Amino acid sequence: MPYFDFNAHMRRYKLVPWRVARVGRRVRHTFAQHFVLGAEYKKTHNKIRTATNTLRELWAQRLLELVSRRLWFPGSQKPDPHHPDFDLRKFELTYRRCLFCRPAYLYFAWRRKTTATFRPCHKSQICPFCAARVAAVNYRYVKSTMRELVKKAPRTKCVVACRIVGRDFLAPAFHPLHGCEDDQISEYIKLMQAEIAAHKTAYQQVAKQLQRRTLGSMAHIVVVPLAAGWRVETRQFVLQQSNKSWPRVKLRNGKVLYAKSAPVVACCTPDGAKFFDIFGAFSQYPRSLLTGYVEFTAAYLVSTAGTRLSSGTGLFKKTGRRLIPYYRQKDADARARKKELQASRGAAENDL
Ligand SMILES: [Zn+2]
């Protein structure tokens, strides 16, 4: 069998050039821009375009790094490309989908005519654009839930709150210049799994109370690669009756990194800035997954493959990725109704 140069093969995949036609102006678009590109970012349309292009290049680079060092393969954990059972064609399709994933907060056109239509890759644990997509539907869902609450009871005392608790841990024997040996990565994976299990247990201890004492709650575990290790965070978001204490995840030696609350009435103002900040903190994408050491990103990806990192109770039981098809259907229905209405109006005018 002739030698197959897998890395050279993967390098052939270049980003398809695109042209940003328009920057999305809906609040959920703005929310996604805010949350992927960074909270302090001063947003003008030009800056959003540039930042998105940079992000897209970083994502493509990271993907190639992960794959060519055999650290993580999208779609499967760590297969060997030289193994006879390796399905190159199938792998390439997944890889392409990841590489050509695009943000939903921009309207754009491919520069070159491509026959392929690219669907989102749905790897929201790492892909910034899919993470933004999930955050945007969450935002939409929470916002509409709050709006209904205020509509029913304009003087409601309900509040929303977000709390982030995190704990740092170091990667043993990691050298900033030389990185580490591959067997060390498997040690890191074990460490990471233990850390995530600890966060999950901490959450399990309050899950029942959350169900009882809040109207709705969301929680997810986020891994942020640091200069010499990771920070694992549990982010909690709750909607509850009044500003009383609510069940919080407690971690030994955990640091509270963020804690803020606001009355729902104040969140439903037209600009909704308060809610924007609070929910932004909950949804922030950790950019160091793309810019930090690739070994750290790989340890996170491999150790969390197949585990659920987010969960919800009460009103927010159905959140995250599961909302994407729900809203897609809803939007399609709305469009169909609008068309029907226009058609019936046209018919009425013709009758006259
Ligand atoms: Zn994606």
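Residues numbered from 1 in each chain as written. Predicted model: local features only at pLDDT ≥ 70, side-chain atom pairs only at ≥ 80, totals over all residues.

## Side note on the overall build of the protein
Then step 1. When helices and strands are counted, the protein shows 11 helices and 7 strands.
Then step 2. Counting only C-alpha atoms and orienting by the principal axes, one finds that the protein spans roughly 75 × 60 × 40 Å.
Then step 3. Taken over 352 residues, the protein has a buried fraction of 32%.
Then step 4. Of the contacts formed within the protein by residues at least 6 apart in sequence, a portion of 79% connects residues at least 24 apart. (Helix = DSSP H or I, 4+ residues; strand = E, 2+ residues; numbered from the N terminus. Buried ≥ 20, exposed ≤ 12 C-beta atoms within 10 Å, placed from the backbone. Contact = placed C-beta atoms within 7 Å.)

## Brief notes about the environment of R96
Then step 1. Of note, R96 is situated in helix α4 (residues 88-99).
Then step 2. Counting along the chain gives 246 residues from R96 to Q342, while the straight-line C-alpha distance between them is 40 Å.

## A short note on the packing of helix α6 (residues 182-213) against helix α10 (residues 294-304)
Then step 1. Relative to each other, α6 and α10 sit at 55°, their axes nearing to 8 Å. Accordingly, the angle class assigned to the pair α6 and α10 is oblique. Along this stretch, α6 crosses α10, giving a crossing that reads as right-handed. Only E295, A298, A299, Y300, V302, S303 and T304 of α10 make contact with α6, whose side of the interface consists of I185, Y188, I189, M192, Q193 and I196.
Then step 2. Of the residues contributing to the contact of α6 with α10, the split by class is 9 nonpolar, 3 polar and 1 charged. (Axes fitted to C-alpha atoms, helices over the stretch in contact; angles between N-to-C directions. Parallel < 35°, antiparallel > 145°, perpendicular 65-115°, else oblique. Left-handed = near helix turned anticlockwise from the far one by under 90°. Nonpolar A, V, L, I, M, F, W, Y, C, P; charged D, E, K, R; others polar.)

## Topic: the pairing of strand β3 (residues 159-170)
Then step 1. The sheet contact formed by β3 and strand β5 (residues 229-240) spans 12 bridges and is antiparallel. Across the sheet, A161 pairs through a bridge with V238, a residue of β5.
Then step 2. Where β3 meets strand β6 (residues 255-263), 8 bridges bridge the pair, whose relative direction is antiparallel. For R163, the partnering residue across the bridge sits in β6 and is A259. (Pairing = 2+ DSSP bridges.)

## A few points about unusual backbone geometry
Then step 1. Of note, R70 is a non-glycine position whose phi angle comes to about 55°, a positive value.
Then step 2. Along the chain, R70 falls in the loop between α3 (45-68) and α4.
Then step 3. Classification of R70 as partly exposed rests on a count of 15 C-beta atoms within 10 Å.
Then step 4. Phi at H122 is positive, roughly 60°, even though this residue is not glycine.
Then step 5. By the secondary structure assignment, H122 is in the loop between β2 (106-110) and α5 (128-152).

## What about the confidence of the model for the protein?
Detail in the predicted coordinates should be disregarded across regions flagged by low pLDDT.
Then step 1. Per-residue pLDDT for the protein averages 85, and the proportion of residues at 70 or more is 93%.
Then step 2. Looking over the protein, one finds the lowest element-wise mean pLDDT in β2, namely 74, and the highest in β5, namely 95. (pLDDT = per-residue confidence, 0-100.)

## Focus: α4
Then step 1. Between its terminal C-alpha atoms α4 stretches 16 Å, which fits the 16 Å expected from 12 residues at 1.5 Å a residue.
Then step 2. Of all the residues in α4, the buried ones are Y95, C98 and L99. In an axial view of α4, the angular spread of the buried residues amounts to 95°, which keeps them on one side of the axis. Exposed side chains of α4 directed beyond 90 degrees from the buried face belong to R89 and K90.
Then step 3. Along its buried surface, α4 packs onto α3. (Expected span 1.5 Å × (residues − 1). Arc of directions from axis to C-beta.)

## Some thoughts on the sheet that holds strand β4 (residues 216-225)
Then step 1. A sheet is described by the order of its strands in space; here 5 strands give the open sequence β6-β3-β5-β4-β7, paired in antiparallel fashion. The outermost strands of the open sheet, each flanked by one partner alone, are β6 and β7 (310-314). In this sheet, neighbouring strand axes are inclined to one another by 15° on average, regardless of whether the strands run parallel or antiparallel.
Then step 2. Relative to β5, α6 is tilted by about 10°, and along the sheet it contacts β3, β4, β5 and β7.

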